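# Inside the fold
Residue strings, one per chain:
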Amino acid sequence: MPTSDKQLSAEQSRQIADTIREEIARRRISRQSLAELAKLSLLTLEKVLGGRRPFTLATTVRLEQALGVSLRKTPEGPAPAATVNGEVAPDGLGAYSRRAVAWIEGTYVTVRPSFGDKDAIFAYRTEITWDNAASSLVFHESERQDAAFTQFGEVAVPNQSRHIYLVTNRHGQHRLITVAHLAISGEMYGIITTLLAGRGSLLTPIAAPIAYLPIKMVAHPTFGRVSPDDPNYSLYRQHLRRTTDESFALFLPG
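Here the structure is a predicted model, which means the values were calculated and not measured.

A tally of regular secondary structure across the chain gives five helices and nine strands. Its helices and strands taken in sequence order, the chain reads α-α-α-α-β-β-β-β-β-β-β-β-β-α from the N to the C terminus. Projected onto its principal axes, the C-alpha positions of the chain cover 70 × 40 × 35 Å. Going through the 254 residues of the chain one by one, you find that 41% of them count as buried. Long-range pairs, those at least 24 residues apart, make up 52% of the contacts in the chain between residues at least 6 apart in sequence.

This part covers the pattern of salt bridges. This structure, assessed with the given rule, holds twelve salt bridges. In this structure, the salt-bridge partner of R21 is D18, at a minimum N-O distance of 2.6 Å. In this pair, R21 and D18 are both assigned in helix α1 (residues 10-27), three residues apart and thus about one turn of the helix distant. Classification of D18 as buried rests on a relative accessible area of 16%. The partner of D119 in a salt bridge is K118, and the shortest N-O contact between them spans 3.5 Å.

Let's shift gears to α1. For α1, with 18 residues, the first-to-last C-alpha span of 26 Å sits near the 26 Å given by 1.5 Å per residue. Among all positions in α1, only S13, Q15, I16, A17, D18, T19, I20, R21, E22, E23, I24 and A25 are buried. Among the structural elements, α2 (31-37), α3 (42-49) and α4 (57-67) are those in contact with the buried residues of α1.

L57, T59, T60, L63, E64 and L67 are the residues of α4 that are buried. Looking straight down α4, one finds its buried side chains confined to an arc of 160°; they lie on one side. Buried residues in α4 make contact with α1, α2 and α3. Positioned one or two residues after α4, G68 has a phi angle of 75°, which is positive.

What follows covers the pairing of strand β6 (residues 173-181). Bridging between strand β5 (residues 164-170) and β6 involves seven bridges; their strand directions are antiparallel. Following the sheet pairing, L166 is matched in β6 by I177. Here β5 hands over to β6 after two residues, with H171 in that stretch at a positive phi of 55°. Across six bridges, the pairing between β6 and strand β7 (residues 188-197) is antiparallel. The residue of β7 that forms the bridge with A180 is Y189.

Within the fold, E105 resides in the loop between α4 and β1 (106-113). Expressed as a C-alpha distance, the spacing of E105 and E127, which sit 22 residues apart in the sequence, is 7.6 Å. Ignoring any residue separated from it by four or fewer positions in sequence, one finds E105 in contact with R98, I128, T129, W130 and L137. In this structure the side chain of E105 is engaged in a polar contact, spanning 3.3 Å, whose partner is the backbone nitrogen of W130.

Burial of nonpolar side chains together is a common tendency in soluble globular proteins. Y96, I128, V155 and L166 are the most contacted members of the largest nonpolar core, which totals 24 residues. The set of elements that each furnish at least two residues to this core consists of β2 (121-131), β3 (136-142), β4 (152-156), β5, β6, β7 and β8 (203-214). Broken down by element, the residue count for this core peaks at four residues, all from β2. Residues within four places of V155 in sequence aside, it is in contact with L93, Y96, I128, L137, V138, F139, I164, Y165 and L166. Judged by nonpolar contacts, the second largest core, of 16 residues, contains L8, I20, L40 and L71.

Let's shift gears to unusual backbone geometry. A positive phi angle, near 55°, is found at K39, a position not held by glycine. Using a relative accessible area of 67% as the deciding quantity, one classes K39 as exposed. In this model, S135 sits at a positive phi of 55°, which is unusual for a non-glycine residue. Tracing the sequence through the fold places S135 in the loop between β2 and β3.

Conventions adopted
- Residues numbered from 1 in each chain as written.
- Predicted model: local features only at pLDDT ≥ 70, side-chain atom pairs only at ≥ 80, totals over all residues.
- Heavy atoms only, no water.
- Helix = DSSP H or I, 4+ residues; strand = E, 2+ residues; numbered from the N terminus.
- Buried < 20%, exposed > 50% of the residue type's maximum accessible area, 1.4 Å probe, protein only.
- Contact = heavy atoms within 4.5 Å.
- Salt bridge = Lys/Arg side-chain N within 4 Å of Asp/Glu carboxyl O.
- Expected span 1.5 Å × (residues − 1).
- Arc of directions from axis to C-beta.
- Pairing = 2+ DSSP bridges.
- Polar contact = N/O pair within 3.5 Å; in protein donor to acceptor, adjacent residues only side chain to side chain.
- Core = buried A, V, L, I, M, F, W, Y, C linked by side-chain atoms within 4.5 Å.

This is a description of form; function is not addressed.
Spelled out as structure tokens, the structure:
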């Protein structure tokens, strides 16, 4: 077998695949873009990243040149701790490493339209942190006026969609928030899909725009139901409108 076609070991291939997935997530590039830069077919890249085919030396070198990083580890010593100590999320959440998603961690002012007052905005605090026990990012809300409906759950960051999903699953009842993240300024914009509590036991599916603002962007955050006379109302409204004005989310007519 020619040297350039030499197949790497299963352990080497797994480590290289982990590193490439981290770089894709960190740089916010698509697998298609990486394949083109490395002059590989997308099918080949998908197979090696998915573990269905081992890396060859030639493929590895091309990917190293495209990414500008070394993918091959020195043979001595055990595998990096991140691959064995719970620092990689489950596949169902995107199989991301903690290092690759560190830029998402933080405290956000979360704003969405008020479901009970068409002129008001509902605002609360959201913390996104790494949970060692869950081996993933998790989120937890606070400062909600309706404290009984405070949500917490897992954060999925898959490579393919390039979106972030905040998922609540309580005994099979789901709430899903899908957002896009602006890498430089840190805001996140998207859609919340949940249930609107009505009279008695009535629950109605509802979707609305939502925005996550890094808390440093708001000098004196206001939480709860924010009315038009609040000092932060215009800022909150501006970001909510950006969600739809810049097509971070689309709402189609029926």
